[in-house]
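A closer look at the structure
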Amino acid sequence: MAHVDELTYYPVKGCAGVTTREALLTPAGLAHDRSFMVVSEEGVFRSQRRDPRLALIRPAIDSNGERLTLHAPHTEPLELPVDASGARRPVDLFGVAYQGIDQGDTAAAWLSDVLGAPSRLVRVPPEHERVTDGRTPGTSGYADSCALHLISRSTLDLLNRKLAERGAVALPMNRFRPNIVIDGWPDPHTEDRVHGLTIGTTELGYAKLAIRCAVTLVEQESGRRAGPEPLRTLAGYRRAAQGGVAFGTKLSVLRTGRVRVGDAVTVTSWRESELHAYQAFASARRPDDGVPR
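Residues numbered from 1 in each chain as written. Predicted model: local features only at pLDDT ≥ 70, side-chain atom pairs only at ≥ 80, totals over all residues. Heavy atoms only, no water.

**Some points on the overall build of the protein chain**
Within the protein chain, the regular secondary structure consists of 3 helices and 21 strands. Taking 19 Å as the expected radius of gyration for a compact globule of 293 residues, we find that the protein chain reaches 19 Å, a close match to that expectation. Taken over the C-alpha atoms alone, the protein chain extends approximately 60 × 45 × 30 Å along its principal axes. Counting all 293 residues of the protein chain, 55% fall into the buried class. Contacts in the protein chain between residues far apart in sequence, at least 24 positions, make up 69% of those at least 6 positions apart. On the protein chain, roughly 12,900 Å² of surface is accessible, and the fraction owed to carbon and sulfur atoms is 50%. (Helix = DSSP H or I, 4+ residues; strand = E, 2+ residues; numbered from the N terminus. Rg over C-alpha atoms; globule rule 2.2 N^0.38 Å. Buried < 20%, exposed > 50% of the residue type's maximum accessible area, 1.4 Å probe, protein only. Contact = heavy atoms within 4.5 Å. Areas by Shrake-Rupley, 256 points an atom, 1.4 Å probe, with all protein chains shown as cover.)

Encoded structure:
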């Protein structure tokens, strides 16, 4: 039976994730996910695409979101009260203007020292009303696009088999920074075709394929770019119609609730994959796997 294998949220966009056994699912995704963002002095968001050392910053936030602690190697941790009502400042996320609540000079100095570039920390304001696109519209905080990013364990297993054929090393799931990892779907990329699903009392809707970028080249443990994989191998079998390579899917939240590791995953509706060169996994599907044909 398909079930939730891992849950991870990322309090500060671009920084390390927090793996948990249970989480509240809000309209914007797992509670506290991408609710903070590191920006330049001009307000432009920082990403591992250009600042791979973000991966070395390990945030921790209390359950009510009132205290944030930042950890980094060879640096004293920083604990700060979260300002959820201060003055707003304009921020830029992929060229789109939003607002952020600046978290002060102490956080700015700490981040600037760790990243080696002038930086500030902002929190998403309570009135943030972002509408995300895709088959199922939704909302999110400072995520790249949609509320949730999902990958199945079999999808990563297939990639690692292909990497092994090239003599490349296997990659861990954290290279792809998903929120939800599903185990129990035997066919790789089953998530491409899932249009609706439930986890516990929650309900999710497919929005789009996850088009991968240079963040996948960053070793999350070291904060260093590590070469052409996995993008080189993915280009051989996962080219998407809209350009780039696809790995995993993005989802919108249709019904909130709590999700837990071990929760059963039930697919409520299916659609054909949006991938341009959709590979007919039907020929390899098992007759008893419950996947429609």
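On we go.
**Points about the packing of aromatic side chains**
Tallied over the full model, the rule gives 2 aromatic pairs. Centroid distance Phe45 to Phe94: 4.7 Å. Interplanar angle 50 degrees. Geometry classified as tilted. Here the residue Phe45 occupies a position in the loop between β6 (36-40) and β7 (58-61), and Phe94 occupies one in the loop between β10 (88-93) and β11 (96-102), the gap between them amounting to 49 residues. In this arrangement the basic side chain of Lys162 is found over the ring face of Tyr237, its NZ or CZ atom lying 4.7 Å from the centre. (Phe/Tyr/Trp six-rings, centres within 6.5 Å; stacked < 30°, edge-to-face > 60°. Lys NZ or Arg CZ within 6 Å of the ring centre and 35° of its normal.)

**Focus on the sheet that holds β11**
Judged by pairing direction, the sheet is mixed, and its 5 strands sit side by side in the order β2-β6-β12-β11-β10 without closing on themselves. Across the chains shown, the open sheet's two edge strands, defined by having one partner strand only, are β2 (12-13) and β10. Pairing between β2 and β6: 2 bridges, direction parallel. Of the residues in β6, the one forming a bridge with Val12 is Phe36. Across the sheet, helix α1 (residues 105-115) touches β6 and β12 (119-123), and the angle it forms with β12 is around 130 degrees. (Pairing = 2+ DSSP bridges. Axes fitted to C-alpha atoms, helices over the stretch in contact; angles between N-to-C directions.)

**Section: the pairing of β11**
In this structure, β10 lies alongside β11, joined through 6 bridges in antiparallel fashion. Note that in β11 the partner of Arg89 across the bridge is Gly100. Adjacent in sequence and paired antiparallel, β10 and β11 are bridged by 2 residues, among which Phe94 carries a positive phi angle near 55 degrees. The pairing of β11 with β12 spans 2 bridges and is antiparallel. Residue pairing in the sheet places Ile101 in a bridge with Arg123 of β12.

**Brief notes about the nonpolar core**
Nonpolar side chains in soluble globular proteins generally cluster together in the buried interior. By size, the foremost hydrophobic cluster in this structure holds 48 residues, and its most contacted members are Ile57, Leu68, Leu148, Ile180 and Leu204. Here the element with the most residues in this core is α1; it accounts for 5 residues. Judged by nonpolar contacts, the second largest core, of 13 residues, contains Ile151, Leu158, Leu234 and Phe247. (Core = buried A, V, L, I, M, F, W, Y, C linked by side-chain atoms within 4.5 Å.)

**Topic: the pattern of salt bridges**
According to the stated counting rule, one finds 18 salt bridges in the structure shown. Between Glu6 and Arg153 there is a salt bridge whose closest N-O contact spans 2.8 Å. Taken as a pair, Glu6 in strand β1 (residues 3-9) and Arg153 in helix α2 (residues 153-165) lie far apart in primary sequence, 147 residues in all. (Salt bridge = Lys/Arg side-chain N within 4 Å of Asp/Glu carboxyl O.)

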